[in-house]
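Single-letter residue listing:
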Amino acid sequence: MTKEFDARNENKSRSVCAAMAETADTGKRALSEREREILDMWPKFEDGEPVMIGDGVDGLGGEIIEVYIAENAAAIWNNAANHMHLRPGERVKRPAPDVLDADGVPIKVGDTVWHEDGSELHVIGFGDVQDGETMLAVEYAAGPTKWGEVRCLSVTHTRPDSWEQLEEDAVKVVCEYAGAVPDEFGDYDCDTCRLFDARGKLICEQQMALDIVRRAKAIAGVEVDG
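Moving on, we come to the packing of helix 3 (residues 163–170) against helix 5 (residues 204–220). Geometrically, a packed helix pair is captured by the angle between its two axes and the distance between the axes. Closest axis-to-axis distance for the helix 3/helix 5 pair is 10 Å, and the angle between their directions is 170°. If you check the angle between helix 3 and helix 5, you find them roughly antiparallel. Facing Trp163, Gln165, Leu166, Asp169 and Ala170 of helix 3, the residues of helix 5 in contact are Met208, Ile212, Arg215, Ala216, Ile219 and Ala220.

Another point: the pattern of salt bridges. A complete count under the given rule lists ten salt bridges for this structure. Close ionic contact of Asp161 with Arg215 constitutes a salt bridge, the shortest N to O distance being 2.7 Å. In this pair, Asp161 is assigned in the loop between strand 10 (155–156) and helix 3 and Arg215 in helix 5, connecting sequence segments 54 residues apart. On the basis of relative accessible area, Arg215 is assigned to the buried category, the value being 9%. Put simply, Asp161, Asp169, Lys172 and Arg215 are held in one network by salt bridges that share partners.

Once that is clear, we can look at the sheet that holds strand 3 (residues 74–78). Two modes of strand pairing occur in sheets, parallel and antiparallel, and in both the strands are linked by backbone hydrogen bonds. Spatially, 2-3-4 is the arrangement adopted by the three strands of the open sheet, whose pairing is antiparallel. On the outer flanks of this sheet lie strand 2 (64–69) and strand 4 (83–86), each paired with one strand and no other. Adjacent strand axes in the sheet meet at a mean angle of 15° when their direction is disregarded. Bridge count between strand 3 and strand 4: four bridges; the pairing is antiparallel. Of the residues in strand 4, the one forming a bridge with Trp77 is His83.

A separate point is the nonpolar core. In this structure, Val57, Ile64, Val67, Ile76, Met84 and Val92 are the most contacted members of the largest nonpolar core, which totals 15 residues. Broken down by secondary-structure element, the contributors of at least two residues to this core are strand 2, strand 3 and strand 4. The element that contributes the greatest number of residues to this core is strand 2, accounting for three residues. When sequence neighbours within four positions are dropped, the list of residues in contact with Val92 reads Lys44, Phe45, Glu46, Val51, Val57, Met84 and Leu86. Membership of the second largest hydrophobic core comes to eleven residues, among which are Tyr177, Ala178, Cys204 and Ala216.

Pairing of strand 2 with strand 3, which is carried by five bridges, proceeds in the antiparallel orientation. Looking at strand 3, one finds that Tyr68 is bridged to Ala75. Counting the residues that bridge the hairpin from strand 2 to strand 3 gives four residues.

On to unusual backbone geometry. For Ala81, which is not glycine, the phi dihedral falls at a positive 70°. Summarising the element assignment, Ala81 is placed in the loop between strand 3 and strand 4. With a relative accessible area of 55%, Ala81 lands in the exposed category.

Strand order across the open sheet formed by five strands is 9-8-7-6-10, with antiparallel pairing between neighbours. The open sheet is flanked by strand 9 (149–151) and strand 10, the only strands paired with a single partner. Sheet analysis places strand 6 (residues 112–115) next to strand 10, joined by two bridges and oriented antiparallel. Looking at the pairing, Trp114 lines up with Thr156 of strand 10.

Inspection of the secondary structure puts Asp111 in the loop between strand 5 (91–92) and strand 6. Looking at Asp111, its side chain comes within polar contact range of the side chain of His157, at 2.8 Å. Apart from residues lying up to four places away in sequence, Asp111 is in contact with Pro106, Leu121, His122, Val123 and His157.

Rules behind the numbers
Residues numbered from 1 in each chain as written. Predicted model: local features only at pLDDT ≥ 70, side-chain atom pairs only at ≥ 80, totals over all residues. Heavy atoms only, no water. Axes fitted to C-alpha atoms, helices over the stretch in contact; angles between N-to-C directions. Helix = DSSP H or I, 4+ residues; strand = E, 2+ residues; numbered from the N terminus. Parallel < 35°, antiparallel > 145°, perpendicular 65-115°, else oblique. Contact = heavy atoms within 4.5 Å. Salt bridge = Lys/Arg side-chain N within 4 Å of Asp/Glu carboxyl O. Buried < 20%, exposed > 50% of the residue type's maximum accessible area, 1.4 Å probe, protein only. Pairing = 2+ DSSP bridges. Core = buried A, V, L, I, M, F, W, Y, C linked by side-chain atoms within 4.5 Å. Polar contact = N/O pair within 3.5 Å; in protein donor to acceptor, adjacent residues only side chain to side chain.

Structure below.
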């Protein structure tokens, strides 16, 4: 119900502003002084487009759910109950698009990522865009190359498999290996286990053993099925 209300509210706000702007442009009727004040005071992006319900604003986060117009100021509120006060004529910026890794996962400052050559890196900032890719400022953690800057599509948040990782995983209990989440008493929930839904003739322990063999073959460069 809330989403439906927000959608109606968004459509209404856009249609009202569009109608007022059209009236001003076509002269269908003269705008009242108050309507002109609202149009002048209404929060706008840097390109002059009005901020609408459902939009995002840089520095505020979330989605705009309310626009408040006062005599000499305006305010916008998001769906997390955060707000931003704006002076007359002050413009806001649109949020920057997400920078994605090779798997389409958003990259944030502080993330640990792995380069395609296997190097482990920590993201410390963003650079310019080169050939359509955002450059990442990174801090070297481990691996073959001490990168200081890499392309966003050359990294992933998924740790590459290795003999060391395989050895570490092989001694885990099957529930931990399969990523099952323990409850407050330390018992694992089968609904969160990645092996649970795939079981048939094979129990989870057997599936784990086969997965260990599959990973070992892949690391060794032996052709594997599936």
